[in-house]
Amino acid sequence: MLKLNWRELSALALAHDADVSAKWDRLNAMRGDLPFLSCNALIPALQAFGQGDERLLLGESAGIVVAMLLITGDGKLRWQTFQPSQLPLGAWVAEAGLPLQQIADSALQDGPLTLCLGLSITQVDPLYSPREDDSGVNRHDDYIDTAWVDIVGSFDDYWAARGKNLRQNMRKQRNKLQTEGVKVDMRVWREGADMAGVIGRYGVLEGKGWKAQKGTAILPDNAQGRFYTALMVNAAARQEALAYEYLFDDQTVAINLCVKRGHTLTILKTTYDESIKTYSPAFLLNEEIVQTLFAEQQIERLEYYGSLMEWHTRWTDNRRTLYHLTTFRNSLVKRMAQTLSSREVTA
């Protein structure tokens, strides 16, 4: 069983202590190297969505930090990884060879969370931490299925493998656009100076749709707008930002906000003009993005990281299940938690 020596710091250390942030990014690079889990993404997330109680746990072995968890309170006597909805995965990093279940067990049993009965590691990607069997004090729960596209071979071969209905639908839409004389353009923004404008236009599109009615739309002056602007500006400084904007006759109709690192491109957010009923701007944009990626041959994997929807299955057959891992103080606490969960389900 893994046993680490743990230290506890304020989450603000990620922003104010260069040594701490360097350790976090070093571990992130060793396990997934995910741009949305870099410090330059997590710090804006904490500033925009943090509650102020977030803590940073550092697990050491032989004097070297080998695991770090950014955690927040989850009700009485429980903690979980920092997980605003804007982050695809929970905020933790570790050396590649360390089993996540043992990291969580050690953090709870050996760490400073003395009054904590349960610790949850949220939205775990099995690509980087394979799911293990439940133990006496651990429980794994399905979160969502998510999809990705492998950018391998030629676009023609990829497209031929897609369903007939999708291919016909996209061809009809493009023929209709051409017949009606609509000028179609996809613009790709990479520079930090362009990101505020992109986020502003993104907000205009979301302001027309259902998210505005629910109060969840991205706007330049709300927390989401500030977060995505900072994230994309920071990513642009590392040449990792890509914002794809689709236009009909110079009018924005769809935008995808993406980050890339290595050979992976991740779509963080997508929106489109919901007032357009005769076309599917999001589908048209997605087709051009995929076609461009196949042509450039720089990206090998396009990650959606959202809940698998029917439309995803038209673009790819690939899927995997993200999960939550919860470790309990002991087996009795686990049984009590399961009993309470069962009562809530049947209530």
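Residues numbered from 1 in each chain as written. Predicted model: local features only at pLDDT ≥ 70, side-chain atom pairs only at ≥ 80, totals over all residues. Heavy atoms only, no water.

J.: What's the story with the side chain of serine 106 in this structure? I'm lost.
T.: Tracing the sequence through the fold places serine 106 in helix H4 (residues 100-109). A distance of 3.1 Å separates a polar side-chain atom of serine 106 from the backbone nitrogen of leucine 4. (Helix = DSSP H or I, 4+ residues; strand = E, 2+ residues; numbered from the N terminus. Polar contact = N/O pair within 3.5 Å; in protein donor to acceptor, adjacent residues only side chain to side chain.)

J.: So what exactly am I meant to see when it comes to the pattern of salt bridges here?
T.: Any two side chains of opposite charge can pair if their charged atoms end up close together. Counted by the stated rule, this structure contains 22 salt bridges. Among the ionic pairs, aspartate 317 bridges to arginine 162, the shortest N-O distance being 3.7 Å. On the criterion of sequence distance, the pair formed by aspartate 317 in the loop between helix H11 (312-315) and strand S13 (319-328) and arginine 162 in the loop between helix H5 (155-160) and helix H6 (164-179) is long-range, its members being 155 residues apart. The exposure class assigned to aspartate 317 is exposed, which follows from its relative accessible area of 64%. Since its relative accessible area comes to 9%, arginine 162 is described here as buried. We note a salt bridge from glutamate 240 to arginine 238, for which the minimum N-O separation is 3.4 Å. The buried category is assigned to glutamate 240, whose relative accessible area is 9%. The exposure class assigned to arginine 238 is partly exposed, which follows from its relative accessible area of 44%. (Salt bridge = Lys/Arg side-chain N within 4 Å of Asp/Glu carboxyl O. Buried < 20%, exposed > 50% of the residue type's maximum accessible area, 1.4 Å probe, protein only.)

J.: Even after reading the chapter, I still don't get helix H2 (residues 18-30), so can you show me in this structure?
T.: Because the α-helix completes a turn every 3.6 residues, residues three or four places apart line up on one side. Taking 1.5 Å of rise per residue, the 13 residues of H2 would be expected to cover 18 Å, and the 18 Å separating its terminal C-alpha atoms lies within 8% of that figure. Of all the residues in H2, the buried ones are Val20, Ser21, Trp24, Leu27 and Asn28. Axial view of H2: buried residues confined to an arc of 130°, hence all on one face. Capping the start of H2 is the job of one residue whose side-chain oxygen sits 3.0 Å from the backbone nitrogen of aspartate 19: aspartate 17. A positive phi of about 95° marks glycine 32, the residue just after H2. (Expected span 1.5 Å × (residues − 1). Arc of directions from axis to C-beta.)

J.: Looking at this structure, how should I read the packing of aromatic side chains?
T.: Any aromatic ring pair is given by two values, namely how distant the centres are and how the planes are angled relative to each other. With the rule as written, the count across this model stands at 14 aromatic pairs. Relative to phenylalanine 294, the ring of phenylalanine 155 has its centre 6.0 Å away and its plane inclined at 65°; by these criteria the two rings are edge-to-face. On the criterion of sequence distance, the pair formed by phenylalanine 155 in helix H5 and phenylalanine 294 in helix H10 (residues 281-296) is long-range, its members being 139 residues apart. The exposure classification of phenylalanine 155 matches that of phenylalanine 294, with both residues buried. Between the aromatic rings of phenylalanine 227 and tyrosine 228, the centroid separation amounts to 4.9 Å while the plane-to-plane angle is 65°, which identifies the pairing as edge-to-face. This pair shows no difference in class: phenylalanine 227 is buried, exactly as tyrosine 228 is. Members of the aromatic cluster, each reached through a chain of ring pairs, are Phe155, Tyr158, Trp159, Phe283, Phe294, Tyr304, Trp311 and Trp315. (Phe/Tyr/Trp six-rings, centres within 6.5 Å; stacked < 30°, edge-to-face > 60°.)

J.: Sorry if this is basic, but what is going on with the environment of valine 253 here?
T.: With respect to the secondary-structure elements, valine 253 resides in strand S10 (residues 251-261). Since its relative accessible area comes to 2%, valine 253 is described here as buried. Residues valine 253 and phenylalanine 155 lie 98 residues apart in sequence; the distance between their C-alpha atoms is 24 Å. Each residue touching valine 253, except ones within four places of it in the same chain, is listed here: Leu205, Tyr246, Leu247, Phe248, Thr271, Tyr272, Asp273, Ile276 and Pro281. (Contact = heavy atoms within 4.5 Å.)

J.: Explain a nonpolar patch on the surface here, please?
T.: A surface patch of nonpolar side chains, about 290 Å² in accessible area, is lined by Leu77, Leu115 and Leu117. Mapped onto the elements of the fold, leucine 117 is located in the loop between H4 and strand S6 (118-124). The class of leucine 117 is partly exposed, set by a relative accessible area of 35%. (Patch = residues over 30% accessible without salt bridge, like charges linked within 9 Å, V, L, I, M, F, W, Y side chains within 5 Å. Areas by Shrake-Rupley, 256 points an atom, 1.4 Å probe, with all protein chains shown as cover.)

J.: Got a minute to help me understand the environment of methionine 68 in this structure?
T.: Turning to its location among the elements, methionine 68 is positioned in strand S3 (residues 64-73). The class for methionine 68 is buried, based on a relative accessible area of 0%. Taking the C-alpha atoms as reference points, methionine 68 and valine 253, separated by 185 residues in sequence, lie 41 Å from one another. Beyond its immediate stretch of four places on either side in the chain, methionine 68 contacts Val20, Lys23, Trp24, Leu27, Leu56, Leu57, Leu58, Trp92 and Val93.

J.: Hey, could you run me through the packing of helix H3 (residues 39-49) against helix H9 (residues 223-237) in this one?
T.: A pair of packed helices can be characterised by two numbers: the angle between their axes and the separation between those axes. Where H3 meets H9, the axes come as close as 9 Å, and the angle between the chain directions of the two elements is 165°. Judged by the angle between their axes, H3 and H9 are roughly antiparallel. The interaxial crossing formed by H3 with H9 has right-handed handedness. On H9, the residues touching Asn40, Ala41, Pro44, Ala45, Ala48 and Phe49 of H3 are Ala223, Gln224, Phe227, Ala230, Leu231 and Asn234. When grouped by side-chain class, the residues that make up the contact of H3 with H9 number nine nonpolar, three polar and no charged. (Axes fitted to C-alpha atoms, helices over the stretch in contact; angles between N-to-C directions. Parallel < 35°, antiparallel > 145°, perpendicular 65-115°, else oblique. Left-handed = near helix turned anticlockwise from the far one by under 90°. Nonpolar A, V, L, I, M, F, W, Y, C, P; charged D, E, K, R; others polar.)

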